[in-house]
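A closer look at the structure
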Amino acid sequence: MLIQSAASAGTNPLAGTAAGWMWAIPLLPLLGFLINGLVALTSAAHFGPADPTAASHAAHGDDDGAGHGDAHAAHASTRHRFAAVTSIVGPGVLVAAFLLAAAAFLAMRAVPDLSAPFVQRYFSWMPVGDLSVDVAFRLDQLSMVMVLVVTGVGMLIHIFSVGYMREDPGYPRYFAYLNLFVFFMLVLVLGANYPLLFIGWEGVGLCSYLLIGFWFSEKANADAGKKAFIVNRIGDFGFLIAMFLLFANYGTLDFSALQAQAGAFVFGGPLITAIALFFFLGCTGKSAQIPLYIWLPDAMAGPTPVSALIHAATMVTAGVYLIARSNFIFAAAPVAGLTVIVVGALTAFFAATIGLKQWDIKKVLAYSTVSQLGYMFVGVGAGAYVAGIFHLMTHAFFKALLFLGAGSVIHVMHEAYHHTHRHDDAQDMRNMGGLRKHMKVTWILMWIATLAISGIPPFSGFFSKDEILGTLFSRADGSTLAQAHWLGLPGTVVIYGAYALGLAAALLTAIYMTRLMLYTFHGPNRTGEQERAHLHEAPWVMTGPLVVLGILAAVGGWFNLPEIVTRALPLGPTGLLEHWLDPVVGAGTARVVGSGGEVAAGTEGLLIAVAVAIAVSGIAIAVTVLKPARLVPKAQASPEQGFERVLNNKYYVDEIYDAAVVRPTYDVSRNLLWRGIDTGLIDGLLVNGSAWLARLTGWIGSQFQSGQLGTYAWVLVLGVLLVLGAFHHSVLP
Amino acid sequence: MNEFLTSIGYMHWVLPMLLLVPTLGAAAIWLHGAPGGPPGDDDVASGTAGAPRLIALVTLAAEFVVSLGLWWAYDPAVAGWQAAFNVPWIPSWGIRFSLGIDGISLMMILLTTSIMVLAVLGGWTSIRRRTHAYYALLLILTAGMLGVFMSLDLFLFYVMWEVMLVPMYFIVGVWGGDRRLYASIKFFLYTMVGSLLMLVAIVYLGLAARSRLTGIPDFSYDAILATARVSHTAAFWLFGAFFLAFAVKVPMFPFHTWLPDAHVEAPTPGSVVLASIMLKLGTFGFIRLAVPLFPAVATNATVRAIVLTLAVIGIVYGALVSLVQPDFKKLVAYSSVSHLGFVMLGIFALTVQSVQGALMVMINHGISTGALFFLIGMIYERRHTRLIEDYGGIARVVPMFAAALTVVTFSSIGVPGTNGFIGEFLVLIGAFRTYPVYALIAATAVIFSAAYLLWAIQRILFNALDKKANFHIPDLNRRELALLIPLLAGIVWLGVYPEPVLRRMEPSAERFVQSVQTRAIAQNQAPAGGIE
Amino acid sequence: MLAESLFFSAVLFSIGVIGVLTRRNAIIVFMCVELMLNAVNLTFVAFARVYGAGGQVFVFLVMTVAAAEAAVGLAIIIALFRHRHTVDLQNINLLKG
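Source: prediction; values computed, not measured.

1. Quick notes on the interface of chain C and chain A
Taken together, the contact pairs 10 residues of chain C with 11 residues of chain A. Residue classes in the side of chain C that touches chain A are distributed as six nonpolar, three polar and one charged.

2. Some thoughts on the nonpolar core
Counting residues in each nonpolar core, the largest one holds 465 residues, and the members touching the most others are Ala400 of chain A together with Leu345 of chain B. Shared between two domains, this core holds at least three residues of each, these being domain 1 (1-51 + 65-332) and domain 2 (394-648) of chain A. Val17, Val20, Cys32 and Leu89 of chain C belong to the second-largest nonpolar core, a separate cluster that totals seven residues.

3. So, the domain arrangement of chain A
Interface size, as often reported, equals the accessible area lost upon joining of the parts. Residue and element names in this part refer to chain A. What the domain assignment reports for chain A is domain 1 (1-51 + 65-332) and domain 2 (394-648). One C-alpha centre belongs to domain 1, the other to domain 2; they are set 25 Å apart. Every contact between the two is made by 34 residues of domain 1 and, on the other side, 33 residues of domain 2. Listing elements by their share of the side of domain 1 that touches domain 2, those giving two or more residues are α4 (71-75), α6 (141-164), α13 (304-313) and α15 (327-330).

4. Remarks on the pairing of strand β1 (residues 82-90) of chain B
On a regular strand, one side chain projects to one face of the sheet and the next to the other, so that they alternate. All names here are of chain B. For β1 and strand β2 (residues 95-101), the ladder comprises six bridges, and the chain directions are antiparallel. By the bridge assignment, Pro88 is partnered in β2 with Arg96. Taking the residues that link successive antiparallel strands as the turn, the β1-β2 hairpin has four residues, and the phi of Gly94 there is positive, at about 70°.

5. Thoughts on the interface of chain B and chain A
Taken together, the contacts link 50 residues of chain B with 47 residues of chain A. Ranked by residues supplied to the side of chain B that touches chain A, first place goes to helix α20 (residues 445-461) of chain B with seven residues. Tallied by class, residues from the side of chain B that touches chain A come to 36 nonpolar, eight polar and six charged.

6. So, the environment of Met126 of chain A
Residue placement: Met126 of chain A occurs in strand β1 (residues 118-128). Using a count of 23 C-beta atoms within 10 Å as the deciding quantity, one classes Met126 of chain A as buried. Taking C-alpha positions, Met126 of chain A is 9.6 Å from Pro195 of chain A, a pair spaced 69 residues apart along the chain. Each residue touching Met126 of chain A, except ones within four places of it in the same chain, is listed here: Leu131 and Val133 of chain A together with Ile422, Leu426, Pro498 and Leu502 of chain B.

7. A short note on the packing of helix α12 (residues 268-293) of chain B against helix α15 (residues 328-349) of chain B
All names here are of chain B. Between α12 and α15, whose axes approach to 11 Å, the crossing angle comes to 20°. The angle between α12 and α15 falls in the class roughly parallel. The two elements α12 and α15 meet at a crossing, and its hand is right-handed. On α15, the residues touching Ser271, Ala275, Leu279, Thr283, Phe286, Ile287 and Val291 of α12 are Lys329, Ser336, Leu340, Val343, Met344 and Ile347.

Rules and cut-offs
Residues numbered from 1 in each chain as written. Chains lettered and ligands numbered in written order. Predicted model: local features only at pLDDT ≥ 70, side-chain atom pairs only at ≥ 80, totals over all residues. Contact = placed C-beta atoms within 7 Å. Nonpolar A, V, L, I, M, F, W, Y, C, P; charged D, E, K, R; others polar. Core = buried A, V, L, I, M, F, W, Y, C linked by C-beta atoms within 7 Å. Buried ≥ 20, exposed ≤ 12 C-beta atoms within 10 Å, placed from the backbone. Domains from an automatic or database assignment. Helix = DSSP H or I, 4+ residues; strand = E, 2+ residues; numbered from the N terminus. Pairing = 2+ DSSP bridges. Axes fitted to C-alpha atoms, helices over the stretch in contact; angles between N-to-C directions. Parallel < 35°, antiparallel > 145°, perpendicular 65-115°, else oblique. Left-handed = near helix turned anticlockwise from the far one by under 90°.

Listed below in structure tokens is the structure:
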């Protein structure tokens, strides 16, 4: 059925090429999920329950409460008996999917001037009245980039996981979830309409839930998974409302059909602004932006490769993809665009400040991810869709690398603790230090990623971050954004403010990343005397993927070189990604740019110089101010004071939400709705009250029943006499 | 398939056969007789449960096979009732034994027959006392529920409505939990109050449609729809009577408090039948009777605002109250209030999408909540507690149970790709066209439903395995897997490819929406007199 | 003749009523009930002389019912005596609400 429908895709030049097999790209991971899922379930039946008494032993004796889930990876030494099957199937399907995606990419490149998207319709999903939602995939330049990133980075992380999760008893379950995640992520980027995208959107959230809570025996992990899902659901509410608005007003949810109506959108009208803002609410959930970013740091409870794949490289960037995909909507709603810029810039800065004072290595990276996602939103909000996607891509490379590198470190730290039977926090940077001597490869690769994220040329992050900030700067003049007003502020002011925040966040990024590197790899080692002997480099199955990502993080900027660079140096083609994505986002960008234009070459050079200077000074500040030698291990550390403490506690945002939203909801539900209205008012007063009334009447009546037949007989006779007396005129003659 | 069905004249006898088969099964159990021992004996342990149990299973399996032909034999393109069966019953009062189906009742019948087979499996070992009586009642109940779905005579509808009430009363009251008497009497009284008013309304309508020549009343649905003339005031009160009967059954806020008690106290198959099928009878009543018979009242702005408000309150209120339930079964019961609120929202929003969505929610809720109650029953049989706090971390011990519960939970939450999403999405997207504010409030349920269910399954399946009693719970056995796999398959199938179901219901749903709208306009323009 | 018969049956009926109302022994109360029934029978017969045989038919009906009642009633009283060792109505108040 699939292939038949695929053949009817029609006259697109891609029909009949390798791109015609795009349906298989998501189906391969789905197949992997089914196989691994069956392995996980069937063998579990023979495996018997893991000895429950071992549960408390395996639980890591840490007082921190969060983030030590990785403990189990090395603790439980029962390797799954079907692990071999999983080791082949799990990463295998990803390799196959990536090769297929690469073939599709080559086929796409072979077609000159491909402007129309290649849409394959498989079957009708929800045909109801005038609503028609098909299960259909759409391969265009944007989804191609996303498919390559998802399958490519996903493949590397799958391979890394083979080493990282080797000893875990839940090995097949892990790969089942991971495969399922990739399936949903591919549905997300390939879906040809909003509801199908929404399947992927919620599906990745579901897998994220399962993977964050992968080591579910610890309450903190299960809590984190649940929190992620529920916070995401708040965003999904916005997504749903946006879809309802689209359907109620434009009668379709299909990308192509909506884009065809884009000319009819009232520019800056309340309807289109509302749609864009509701979509953006969805993005704040999925992509961890203010005010819904709170779930992402907690999500670090999952295994580290999961953090790399889901909470850095792919799923959390879905919001950026959504805006780029909906560029025709956002381009028509400048107020929404400004909102995206403001939220993005605030998030970028705010998260970076928290990142400054975290001790958990993964938490630093988590806040860094939130911050970098803020940059991406600044980009897509400013109509710089290419820059946003470009940063998404380079971020996928260097952040995946950072997470996997951190994973290697945690893995090694953990093994060391395991050997000496010590229970300490394997993720706290205060317990690390000086690891460069033991893990040279990881150390070098992590530095590459750090330089990339800090924006040091010629590493990839420099190009993408600079493009976002540069484009944002240019939007301040003449663009539709600059002409709009946001809460009464002129657009130009908002854009300059966001630009300043972006620069400040860049400074902080360089500082906290250098801090992470210094504390982890430099200075004296604080792990412990005995443990030090067990520190060593991770196996090649783990460092191999790191090397590939390291290369990509270093040279990823090549994919979209700015003109100012290619004019000066013969490095390669100009704006490769820009030309590639032009058929999808070109019109949207043009609409945002309006009468504005590029900044002058001189100004551009100046901006670049400022950005580089900020990045370099950030690193310099960190190197001069921070003294890794003065650090003490976590167990001996004294708590922070003053503002540091506020930062360390993440501005107490979780506590505020808890007190302002979560507790009142529970209290109102329990005391007012359930005990008050339900059992009290309705059941108690109305239902059982009427029953009580009936019983009271009966009781009063029963008091006349003495049980003495004689009395009854007297009453009877008297009654008869009474009646006869009353009616004697008519009864008696 | 269709040639074969035509060759055996399937459509001529299928509906009476569906009523006959369970009745004969019940008779067979009765003829087989009760076991000799005292009624409190454990029939499963003594082996005397075998025969009635087997008769019930075979009967309901046969029933399912018989009903399955409707899937192919029903032709959505044909307007009007199909598989009609119509013989006189009480001619002097104009009552006929008249059966027939459209796309809506088709799906409800298939849902009923399939769930009932599973319900027998679900109580296979948990129903231990007076098994012969239990299985006979279960079969009568099946006939009653199917009768409601296929009746085309209002009097027959009422009879069937009461026929299904009695077995349920006994199933809750005899085989239920500790507070079973309270729950069953509450259930009975609640339903009875509503249904007696409905009887009055039905008699009034039958008299209103009486023949002008002979004066004999006519209770046939089509005749009442076509000829019954009632004044606006009378229509208002009659609608109120039907509304009360069905709103109790749905149950709509604030008529819902029988549900948590009945659900909690009922034995597992009883809860499943209650949730999966009996609640749908209420919403089915709205679609078949209350709304089409009184379109002018049902589309009246005030009436609609009240009903929609109650529906939306039910959605949010049910979800919030679920959030704080300590008893898992009660939690699911309140979640039913929330889900059924979506159905009411869909019906009264009156767009094709919302009505189709309401029908999908009816089917999906039947599958998902049925599966949830089965799962609760399974774990209850092992641990004899329904309190959430008595569990924790059992995913380590019972991985297959955990996998099944997780899938069903996500279906109930309405994650896209599972059946739950289709219904809620269609209801909301349809309702948003006519009542955006109500739809907007209702859509917040996506947040709350995730909150209450995920919190519950976390405390059951996840967290630390810290209670000794949970260390050695056996995982699902073959019977339980055989019972769950069809439900899980249904969850995925209806989530990914609901088109076959939607296609069969679409013409009926469209006719419902159109006829209600056009007739409402006609009635509002031409005032009708009372009974002449 | 009719008037005398009616007067006589009224006297009989009243004696029965007073017996039922005042006596405490169940057997005597029961016999008083029979007395009331027979007073009514007398009335029927008396009227039958004037208005036709319908009254006499009714007498037979009443006698049948009275016989059945006697059988059941006495059985109840015996059962009661076995259970409580008394037939005093003052001590029997199962109907008390």
